[in-house]
Amino acid sequence: MHERTSPSNTIGIDAIAVATPRAYLDLVDLAAARGVPSDKYTKGLGAIRMAIADRDEDPVTLATDAAARMFARGRIDTARIGYAAVGTETAIDHSKPVASYVHGLLGLPQSCRVFDAKHACFGGTAALMGALEWIASGAARGRTALVVCTDIARYELGSPGEPTQGAGAVAMLVSERPRLLELEVGRTGTFARDVHDFWRPLDRRDALVDGHFSVSCYLDAVAGAFGEWRDEDARRGGDPLVRTAYHVPYVKMAKKADRHRAMVSEGLDEAAAEARFAREVAPSLAFAAEVGNVYTGSLYMALAALLHAEAGVLEGSRVGLFSYGSGCGAEFFAGRVAAGAGAFARSLALDEPLRDRVRLGFDAYEAIRRADGDAPPRVSADASADVASDRSTFLGIDTAERRVYLRASPASTRLAVAAA
Ligand SMILES: CC(C)(COP(=O)(O)OP(=O)(O)OC[C@H]1O[C@@H](n2cnc3c(N)ncnc32)[C@H](O)[C@@H]1OP(=O)(O)O)[C@@H](O)C(=O)NCCC(=O)NCCS
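Model, not experiment: these values are computed from the prediction.

(A) Examining the overall build of the protein chain more closely. Scanning the protein chain from N- to C-terminus turns up 12 helices and 18 strands. On C-alpha atoms alone, the protein chain measures out to a radius of gyration of 20 Å, which is about the 22 Å that the 2.2 N^0.38 rule sets for 420 residues. If you line up the protein chain on its principal axes, its C-alpha atoms span 60 × 60 × 40 Å. Taking all 420 residues of the protein chain together, the buried fraction comes to 52%. Partitioning the intrachain contacts of the protein chain with sequence separation of at least 6 by distance along the chain shows that 75% fall at a separation of at least 24.

Right, dumping it as structure tokens:
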């Protein structure tokens, strides 16, 4: 990376990392407890495990852990970050953004634009597009942008949405001359429509969803956003996409999306659509099957899985990305995998957080979910302890109703304490 102050055409994702809660529920255990054939979840939805956030894990700890991992693995100079945006739909406060906590816990520069972006699962993409355009305009003056997507997907116990829960975060550094994926700024296709397919009123922690309607809204958005992108691409000229990563609320949805695009928008037959999915989309779905829905981060979890599996063979090739947020808004865009991305992606060890997780029994899972509505523990503002953990921790609420966090320093066991 080099200093630049003029608008640049080579901008994109320089580094990426994911974080997940330490525990998961196996979908076979959920199916047994709910009296549902396990094939419905594993084959019908494509889900194997879903990450479950405990009470000391929240959107701030997940976002901080993903970004800290990326900084360490990607050898990032955090002093150059001038934009720190968080996409989330798991609000912890009506006013104070998750991004402020993340900015503080990570010790980012004070000269920094810090904010949250909310639009259901689309918020991370809104933050990413802002970062790209900030750099492309020259306003960044050579600085880099941190974009973190972080969410906990919760549906009512026993509801059809329950097997599509999950939790996690994806951090990305956006820069000029990116080491992973050069994105095509200003060449996107967008789609929006005012619908009630998924929403979460202010007094609820669980989402409300009109499940089958949400699937049809997603498919309409694929056709709309992809159609606009394709027309613009044909006008400007571009080589074919060899892979596409989709927003993945559950694995089967990505298959439905690609099939819809193939058969409705591109006129492929059933067999060609099936073959294309296996070749061009399936490699991006391994992490989603292990983690479940991570809302804003789900497209970027798919991108991380794709780069983990295939960055080396894809160097120089063009990939598509589709982001969808209920409500609804969507964007289709593309990028080119950078030279050297294979070796760099290997050094990022993107699958590391998915290893060494704890398998929850069904009763333990239900106990965590039933405690969701309980008030957090009370702690003193200067709460501090030596916790042998490399993860951030939400400690509780202090007497002035401020959230208190601990973050493990990657370099030592010393813990930074942040109270808002
Ligand atoms: C997606 C959702 C609507 C599915 O709920 P549901 O009505 O209980 O599930 P369905 O009856 O449609 O079954 C799901 C799939 O499993 C299949 N299935 C059902 N039983 C099965 C079995 N025993 N073996 C194999 N597959 C089975 C169904 O055929 C269906 O596949 P299809 O979609 O390819 O037709 C629900 O999980 C939900 O609301 N999720 C949250 C919202 C969401 O993620 N929306 C996505 C767009 S944002």
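There is more to say, and it comes next.
(B) Spotlight on the site of the ligand. Near the ligand lie 20 residues; those nearest to it are Asp 39, Gly 44, Pro 160, Gly 211 and Pro 249. Listed by contribution, the elements that provide at least two residues to the shell around the ligand are helix H2 (38-45), helix H6 (211-236) and helix H7 (251-265). Residue composition of the shell around the ligand, grouped by class: nine nonpolar, seven polar and four charged.

(C) Molecular detail of the domain arrangement of the protein chain. For the protein chain, the assigned domains read domain 1 (11-372) and domain 2 (375-419). Here domain 1 and domain 2 have C-alpha centroids that lie 27 Å from each other. Contributions of two or more residues to the side of domain 1 that touches domain 2 are made by helix H3 (59-74) and helix H4 (98-106). Tallying contributions element by element places H3 first for the side of domain 1 that touches domain 2, with six residues.

(D) Local environment of the confidence of the model for the protein chain. For the protein chain, the mean per-residue pLDDT works out to 93, and 93% of the residues sit at or above 70. Below pLDDT 50 for its whole length, residues 1-7 participates in 15 contacts with residues either more than four positions away or in separate chains. Here residues 411-420 is a poorly scored stretch, pLDDT under 50, and it has 28 contacts once near neighbours within four places are set aside; other chains count.

(E) Structural context of the environment of Ala 117. Structurally, Ala 117 can be placed in strand S5 (residues 113-117). Note: C-alpha distance between Ala 117 and Val 148 (31 residues apart in sequence) is 10 Å. In contact with Ala 117, other than residues within four places in its own chain, are Ala 85, Gly 87, Gly 123, Ala 126 and Ala 127.

(F) Looking closely at the packing of H7 against helix H8 (residues 270-281). The geometry of H7 relative to H8 is characterised by a closest axis approach of 9 Å and an angle of 130° between their N-to-C directions. What the angle tells us is that H7 and H8 run oblique. Considering how the two elements wind past one another, H7 and H8 form a crossing that is right-handed. Contacts from Ala 254, Lys 255, Asp 258, Arg 259, Ala 262 and Met 263 of H7 reach H8 at Ala 272, Ala 273, Arg 276, Phe 277 and Val 281.

(G) Looking closely at the environment of His 260. Structurally, the position occupied by His 260 is in helix H7. Considering only alpha carbons, one finds His 260 and Ala 223, 37 residues apart in sequence, at a separation of 7.6 Å. Here His 260 is in contact with Leu 219, Val 222 and Ala 223, once residues within four sequence places are set aside.

(H) Molecular detail of unusual backbone geometry. Of the consecutive residues Gly 327 and Cys 328, the connecting peptide bond is found in the cis state with omega at -5°. Positionally, Cys 328 belongs in the loop between strand S13 (318-325) and strand S14 (329-337). Look at Arg 75: it is not a glycine, yet its phi comes out positive at around 50°. In this structure, Arg 75 sits in the loop between H3 and strand S4 (81-87). The backbone of Asp 356 shows a phi angle near 55°, a positive value even though the residue is not glycine. With respect to the helices and strands, Asp 356 occurs in the loop between helix H11 (341-348) and strand S15 (358-359).

(I) Region of interest: the sheet that holds strand S2 (residues 23-26). The sheet built from three strands is open, its strands ordered S3-S2-S15 with mixed pairing. Across the chains shown, the open sheet's two edge strands, defined by having one partner strand only, are strand S3 (49-52) and S15. One ladder, built from four bridges, connects S2 with S3; its direction is antiparallel. Counted as the bridge partner of Leu 25 is Met 50 from S3.

(J) Summary view of the pairing of S14. With nine of nine residues buried, S14 lies mostly within the body of the structure. Bridging between strand S8 (residues 181-183) and S14 involves three bridges; their strand directions are antiparallel. Residue Leu 181 lies in a different strand from S14, and its bridge partner there is Val 337. Pairing of S13 with S14, which is carried by eight bridges, proceeds in the antiparallel orientation. The residue of S14 that forms the bridge with Phe 322 is Phe 332. Connecting the antiparallel pair S13 and S14 is a turn made up of three residues, with Gly 327 showing a positive phi of about 120°.

(K) Just the packing of helix H1 (residues 27-34) against H2, in detail. Axis separation between H1 and H2 bottoms out at 7 Å; the angle between their running directions is 135°. Our classification of the angle between H1 and H2 gives oblique. Contacts from Leu 27, Val 28, Leu 30 and Ala 31 in H1 reach Ser 38, Lys 40, Tyr 41 and Thr 42 in H2. Classifying every residue of the contact of H1 with H2 gives five nonpolar, two polar and one charged.

Thresholds applied
Residues numbered from 1 in each chain as written. Predicted model: local features only at pLDDT ≥ 70, side-chain atom pairs only at ≥ 80, totals over all residues. Helix = DSSP H or I, 4+ residues; strand = E, 2+ residues; numbered from the N terminus. Rg over C-alpha atoms; globule rule 2.2 N^0.38 Å. Buried ≥ 20, exposed ≤ 12 C-beta atoms within 10 Å, placed from the backbone. Contact = placed C-beta atoms within 7 Å. Near = placed C-beta within 6 Å. Nonpolar A, V, L, I, M, F, W, Y, C, P; charged D, E, K, R; others polar. Domains from an automatic or database assignment. pLDDT = per-residue confidence, 0-100. Axes fitted to C-alpha atoms, helices over the stretch in contact; angles between N-to-C directions. Parallel < 35°, antiparallel > 145°, perpendicular 65-115°, else oblique. Left-handed = near helix turned anticlockwise from the far one by under 90°. Pairing = 2+ DSSP bridges.

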